[in-house]
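Chain by chain, the residues run as shown.
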Amino acid sequence: MEHDGKLGAEAPTWRFGAASPVLGAARSQSIRALVYRMYDFLDKGDTRPVAPLAHGDPAAFACFRTAPAAADAVAAAASSGVLNSYAPAAGLAEACSAVAAHLSRELPYEVSPRDVVLTAGCNHAIEIMMTVLAAPGANVLLPRPGYPLYASRAALSGLEFRHFDLLPDKEWEVDLAGVEALADENTVAMVIVSPNNPCGCVYSRHHLAEIAETARKLGIMVISDEVYDHFAFGSKPFVPMGVFGEIAPVVTLGGISKRWMVPGWRLGWIAATDPNGILRKKKVMDSIIDYRGISVDPVTFVQGALPHIIANTDEAFFANAMGVMREAAEICHGKLEEIECITCPHKPDGSMFVMAKLDLSRLDGIEDDVDFCSKLAKEESVVMCPGSGLGMKNWLRITFAVDPELLEDGLERTKCFCHRHGKIKEANS
């Protein structure tokens, strides 16, 4: 049929384009849009380097480059010609075995390779868990402040989520009484993050045991986000939650993005650190593999490189990386201590973030944390994350996974900004 190029007398009625209310609910929990909105306030005429203190991507800085053994392993795998095919839904068998052995070294039992599922980064692991737990009427308990993707993915899956508090005056420990008050007969899981994003704390063995006992009492699993495993540089060592898997079933989420400084490689995992086999009996692992079968796959050649990455990375690489991160944490905490309107209740012991509280009574013309961050970006080319995006109004989430010189400069600019916007103190009469 030929057309003369002219539109018909009546325009068609297009049936698509309506906004999804589910996507809107998920977007309202997302921190990424809020952070990138801060970049829109930057003054393009400012010649100073932007101090990116809002989101943690240490790979952008030379002092945080990945281990040569890791880069070599991926290059060799990519050029081998034998890792260009699809991988099984759970992941390559040798990669799952490597993760199982890696986790087992710190546990009082052996993790089976069949209890490991590889994912396209830890964010993908969160997506999977929030989806497979979304039975009708079910709810999960999430930390506040926490990593907002859990709430976003729960909202997309129609899974109810409830927030329990982390206690700043107790080094951001879980409010376990609050957890018990929130839980009901439909609660299926609670999420913990240690080392913690966004608070920078590391939970002690004693506190993790308390969490396990609480989960057992409530009959729920613990989802332990350990993507920052061994990112501990204070007085408390990293202890995996799976140590207490005999008390309550634990699903451990992890990956190589943080410890190996390669977030762009997108390789993570879900592991059942559950020696009693409860997660298998309840078909949770089957559901995880079923979901993996209909979702995105982690890159096959990165999976193929994983055993070599784990086995061949020199301990000196990790020690050096933690040394730089410790120095950066010290700089961050020390500079924040110099700013009167910002209080840091807990010196960071791990991860690459810290939470700091704004005292708006000391500032003139600043409405809230979002206003503070937008004006800071515009006037000083320093980008921070408003705490509102994490359920903590008038707080800030600050990353110190930045070149130490730029970090110090960015916080000095923040100090100047706060001084410039500080209320003039009345002279003593």
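What counts as what
Residues numbered from 1 in each chain as written. Predicted model: local features only at pLDDT ≥ 70, side-chain atom pairs only at ≥ 80, totals over all residues. Heavy atoms only, no water. Helix = DSSP H or I, 4+ residues; strand = E, 2+ residues; numbered from the N terminus. Expected span 1.5 Å × (residues − 1). Buried < 20%, exposed > 50% of the residue type's maximum accessible area, 1.4 Å probe, protein only. Contact = heavy atoms within 4.5 Å. Pairing = 2+ DSSP bridges. Right-handed = clockwise from strand over helix to strand, strands pointing away. Axes fitted to C-alpha atoms, helices over the stretch in contact; angles between N-to-C directions. Salt bridge = Lys/Arg side-chain N within 4 Å of Asp/Glu carboxyl O. Parallel < 35°, antiparallel > 145°, perpendicular 65-115°, else oblique. Left-handed = near helix turned anticlockwise from the far one by under 90°. Patch = residues over 30% accessible without salt bridge, like charges linked within 9 Å, V, L, I, M, F, W, Y side chains within 5 Å. Areas by Shrake-Rupley, 256 points an atom, 1.4 Å probe, with all protein chains shown as cover. Polar contact = N/O pair within 3.5 Å; in protein donor to acceptor, adjacent residues only side chain to side chain. Phe/Tyr/Trp six-rings, centres within 6.5 Å; stacked < 30°, edge-to-face > 60°. Arc of directions from axis to C-beta.

*Asks:* I tried to follow helix α14 (residues 404-421) on my own but got confused; where do I start?
*Replies:* Three- or four-residue spacings in an α-helix give side chains the same orientation, since the helix completes a turn every 3.6 residues. Over its 18 residues, α14 extends 26 Å from the first C-alpha to the last, a length consistent with the 26 Å expected when each residue adds 1.5 Å. Among all positions in α14, only Pro-404, Leu-406, Leu-407, Gly-410, Leu-411, Arg-413, Thr-414, Phe-417, Cys-418 and His-421 are buried. Buried residues along α14 sit in contact with β1 (51-52), α12 (315-337), β10 (342-343), α13 (369-380), β12 (382-383) and β14 (395-399).

*Asks:* What is the right way to look at the pairing of strand β4 (residues 160-167) in this model?
*Replies:* Moving residue by residue along a regular strand, the side chains alternate between the two faces of the sheet. As defined by bridge partners, strand β3 (residues 139-144) adjoins β4 across six bridges and the pair is classed as parallel. Bridge assignment links Leu-141 to a residue of β4, and that residue is Arg-162. In this fold, β3 hands off to helix α6 (residues 149-157), which returns the chain to β4; that crossover is right-handed. Between the end of β4 and the start of strand β5 (residues 173-174), which pair antiparallel, lie five residues, with Glu-171 showing a positive phi angle near 55 degrees.

*Asks:* Looking at this structure, how should I read the sheet that holds strand β9 (residues 268-273)?
*Replies:* Backbone-to-backbone hydrogen bonds join strands into a sheet, with any given pair of strands oriented parallel or antiparallel. A sheet is described by the order of its strands in space; here eight strands give the open sequence β2-β9-β8-β7-β6-β3-β4-β5, paired in mixed fashion. The sheet is open, and its two edges are formed by β2 (116-119) and β5, each paired on a single side. Its contacts with the sheet place helix α4 (residues 93-104) against β2 and β9, and it is angled at close to 115 degrees to β2.

*Asks:* I keep staring at the pattern of salt bridges and nothing clicks. Help me out?
*Replies:* Close approach of charged atoms allows side chains of opposite charge to pair. Applying the stated rule across the entire model yields 22 salt bridges. For Lys-347, the salt bridge goes to Glu-330, with nearest N and O atoms at 2.9 Å. Pair noted here: Lys-347 is in the loop between β10 and β11 (353-358) and Glu-330 is in helix α12, with a separation of 17 residues, a long-range link. Given a relative accessible area of 35%, Lys-347 falls into the partly exposed group. Between Glu-338 and Lys-415 there is a salt bridge; the shortest N-O distance is 3.2 Å. Taken together, the residues span a long stretch of sequence, with Glu-338 in the loop between α12 and β10 and Lys-415 in helix α14 at a distance of 77 residues. Judged by its relative accessible area of 30%, Lys-415 falls in the partly exposed class. Shared partners join several salt bridges into a network, and the residues in it are Asp-46, Arg-48, Glu-379, Glu-380 and Arg-420.

*Asks:* Any chance you could explain the sheet that holds β11 here in plain terms?
*Replies:* As summarised here, the arrangement of the four strands in space is β10-β11-β14-β13, forming an open sheet in which the pairing is antiparallel. At either margin of the open sheet sits one strand with a lone partner, and together these are β10 and β13 (385-386).

*Asks:* So what exactly am I meant to see when it comes to the pairing of strand β8 (residues 250-255) here?
*Replies:* The buried fraction of β8 is high, at six of six residues. Along β8, one buried face is formed by Val-250, Thr-252 and Gly-254 and the opposite face, lined by Val-251, Leu-253 and Gly-255, is buried too. When strand β7 (residues 221-225) meets β8, the two strands line up parallel, connected through four bridges. Looking at the pairing, Asp-225 lines up with Leu-253 of β8. Across six bridges, the pairing between β8 and β9 is antiparallel. Each residue of the ladder has a partner; that of Val-251, found in β9, is Ala-272.

*Asks:* Just checking my understanding: could you explain the packing of α4 against helix α11 (residues 300-312) for this structure?
*Replies:* Helix packing geometry: the angle between the two helix axes and the distance between the axes. Look at α4 against α11: their axes get within 8 Å of each other, and the N-to-C directions meet at 30 degrees. Considering their axes alone, α4 and α11 lie roughly parallel with respect to each other. In the crossing of α4 with α11, the sense of the turn from one axis to the other is left-handed. Within the contact between the two elements, α4 uses Glu-94, Ala-95, Ala-98, Val-99 and His-102 and α11 uses Gln-303, Leu-306, Pro-307 and Ile-310.

*Asks:* Explain a nonpolar patch on the surface here, please?
*Replies:* Nonpolar side chains collect at one region of the surface, where Val-22, Leu-23 and Leu-156 lie side by side and expose about 230 Å² of accessible area between them. Along the chain, the position of Val-22 falls in helix α1 (residues 21-27).

*Asks:* Looking at this model, I keep getting lost on the side chain of Asn-197. Mind explaining?
*Replies:* For Asn-197, the location among the structural elements is in the loop between β6 (187-193) and α8 (205-218). For Asn-197, a relative accessible area of 6% translates into the label buried. A polar side-chain atom of Asn-197 sits 3.2 Å from a polar atom in the side chain of Arg-397. When sequence neighbours within four positions are dropped, the list of residues in contact with Asn-197 reads Gly-146, Tyr-147, Tyr-228, Ser-351, Phe-353 and Arg-397.

*Asks:* When you look at the packing of aromatic side chains in this model, what are you seeing that I'm missing?
*Replies:* A complete count under the given rule lists 10 aromatic pairs for this structure. Measuring from centroid to centroid gives 6.1 Å for Trp-14 and Phe-16, while their planes differ by 40 degrees, and the two rings are tilted. The exposure class of Phe-16 is exposed, given its relative accessible area of 66%. Summarising the aromatic geometry, the rings of Tyr-36 and Tyr-39 are spaced 6.0 Å apart at their centres and angled 35 degrees between planes, so their arrangement reads as tilted. Remark: Tyr-39 and Tyr-36 occur in helix α2 (residues 32-39); sequence separation between them is three residues, near one turn of the helix. Tyr-39 sits in the partly exposed class, given a relative accessible area of 21%.

*Asks:* What's the story with α8 in this structure? I'm lost.
*Replies:* Taking 1.5 Å of rise per residue, 14 residues should cover 20 Å, and α8 covers 20 Å from first to last C-alpha, within 8% of that figure. What α8 keeps buried is the set His-207, Leu-208, Ile-211, Ala-212, Thr-214 and Ala-215. End-on, the buried residues of α8 take up no more than an arc of 160 degrees, which puts them together on one face. Exposed residues lying more than 90 degrees from the buried face of α8 are His-206, Arg-216 and Lys-217. On the buried face of α8, the contacting elements are β5, α7 (176-182), β6 and β7. Note on α8: the residue one or two positions beyond its end, Gly-219, has a positive phi of about 75 degrees.

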